[in-house]
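Residue strings, one per chain:
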Amino acid sequence: MTVPAFSPLPLDFHARIPCDEAFGVVVAELAGRLARVAGFDERRCAVIGKEVGDAFARTLEGGRSPRELMELALRVTEDAYGATVTCGSSSLLSLNWPRPA
């Protein structure tokens, strides 16, 4: 995958996704792909995708209704890549990774 030069930053991606296990792989894939675009190597992208996907899985383990929506927010700035996952008023994940030089 070719990593495009960003202009302008920040780059924000937001999605509201049903709390349904069918979307778990999609959530992890989105987080990993945007990490790659942000300049992370493949190994680190896989770790980032897994962390975000695991947060989604924890939502399902909590007995959430598929009618509830999970909020996924991914953000790339000059210095960092961040991911937040919330469901209702519950914060499930809030991580920031410094961008590679």
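The rules behind these values
- Residues numbered from 1 in each chain as written.
- Predicted model: local features only at pLDDT ≥ 70, side-chain atom pairs only at ≥ 80, totals over all residues.
- Heavy atoms only, no water.
- Helix = DSSP H or I, 4+ residues; strand = E, 2+ residues; numbered from the N terminus.
- Rg over C-alpha atoms; globule rule 2.2 N^0.38 Å.
- Buried < 20%, exposed > 50% of the residue type's maximum accessible area, 1.4 Å probe, protein only.
- Contact = heavy atoms within 4.5 Å.
- Areas by Shrake-Rupley, 256 points an atom, 1.4 Å probe, with all protein chains shown as cover.
- Lys, Arg positive; Asp, Glu negative; His and termini not counted.
- Charge placed at Lys NZ, Arg CZ, Asp CG, Glu CD.
- Phe/Tyr/Trp six-rings, centres within 6.5 Å; stacked < 30°, edge-to-face > 60°.
- Pairing = 2+ DSSP bridges.
- Axes fitted to C-alpha atoms, helices over the stretch in contact; angles between N-to-C directions.
- Core = buried A, V, L, I, M, F, W, Y, C linked by side-chain atoms within 4.5 Å.
- Left-handed = near helix turned anticlockwise from the far one by under 90°.
- Salt bridge = Lys/Arg side-chain N within 4 Å of Asp/Glu carboxyl O.

Describe the overall build of the protein, with residues and values.
What the protein contains, in helices and strands, is two helices and four strands. Overall, the protein shows an N-to-C arrangement of helices and strands of β-α-α-β-β-β. Against the compact-globule benchmark of 13 Å for 101 residues, the protein has a radius of gyration of 13 Å, which places it among compact chains. Looking at the protein as a whole, 33% of its 101 residues are labelled buried. Expressed as a percentage of contacts within the protein between residues at least 6 apart in sequence, the contacts between residues at least 24 apart total 60%. Carbon and sulfur atoms make up 53% of the accessible area of the protein, which totals about 6,000 Å². Across the protein, the mean location of the 11 positive side-chain charges is 1 Å away from that of the 13 negative side-chain charges.

Summarise the packing of aromatic side chains; cite the residues concerned and give the values.
This model, assessed by the stated rule, comprises two aromatic pairs. Each ring, one from Phe40 and one from Tyr81, has its centre 6.1 Å from the other, and the planes form 50°; the classification is tilted. Of this pair, Phe40 sits in the loop between helix H1 (24–37) and helix H2 (42–61) while Tyr81 sits in strand E3 (residues 80–87); the two residues are 41 residues apart in sequence, bridging distant segments of the chain. Of the residues examined, Phe40 reaches a relative accessible area of 5% and is grouped as buried.

Residue-level account of the sheet that holds strand E2 (residues 69–76), with values.
Think of a sheet as strands paired side by side through backbone hydrogen bonds, with each pair either parallel or antiparallel. Across the sheet, which stays open at both edges, the four strands sit in the order E1-E2-E3-E4 with antiparallel pairing between neighbours. Each edge of the sheet is formed by a strand with only one pairing partner; in this case those strands are strand E1 (11–18) and strand E4 (90–98). On average, each strand axis in the sheet is tilted by 10° relative to the strand beside it, whichever way the strands run. Alignment of E3 against E4, held across eight bridges, turns out to be antiparallel.

Pulling in residues and values, what's your account of the nonpolar core?
If you look at the biggest cluster of nonpolar residues, it comprises 25 residues, and the most contacted ones within it are Phe40, Val52, Met70, Leu72 and Tyr81. Elements supplying a minimum of two residues to this core: E1, H1, H2, E2, E3 and E4.

How would you summarise the packing of H1 against H2 if you had to cite specific residues and measurements?
Running from N to C, H1 and H2 point in directions that differ by 145°, and their axes come no closer than 7 Å. H2 is crossed by H1, and the crossing has right-handed handedness. Of H2, the residues touching H1 (which contributes Gly24, Val27, Ala28, Ala31, Gly32, Ala35 and Arg36) are Glu42, Cys45, Ile48, Gly49, Val52, Gly53 and Phe56.

Explain the pattern of salt bridges residue by residue, including any values.
Applying the stated criterion to the full structure yields five salt bridges. Between Glu71 and Arg16 there is a salt bridge whose closest N-O contact spans 2.8 Å. One end of the pair, Glu71, is in strand E2; the other, Arg16, is in strand E1, with 55 residues separating them in the sequence. Arg16 sits in the exposed class, given a relative accessible area of 57%. A salt bridge links Glu42 to Arg36, with the nearest nitrogen and oxygen atoms 2.9 Å apart.

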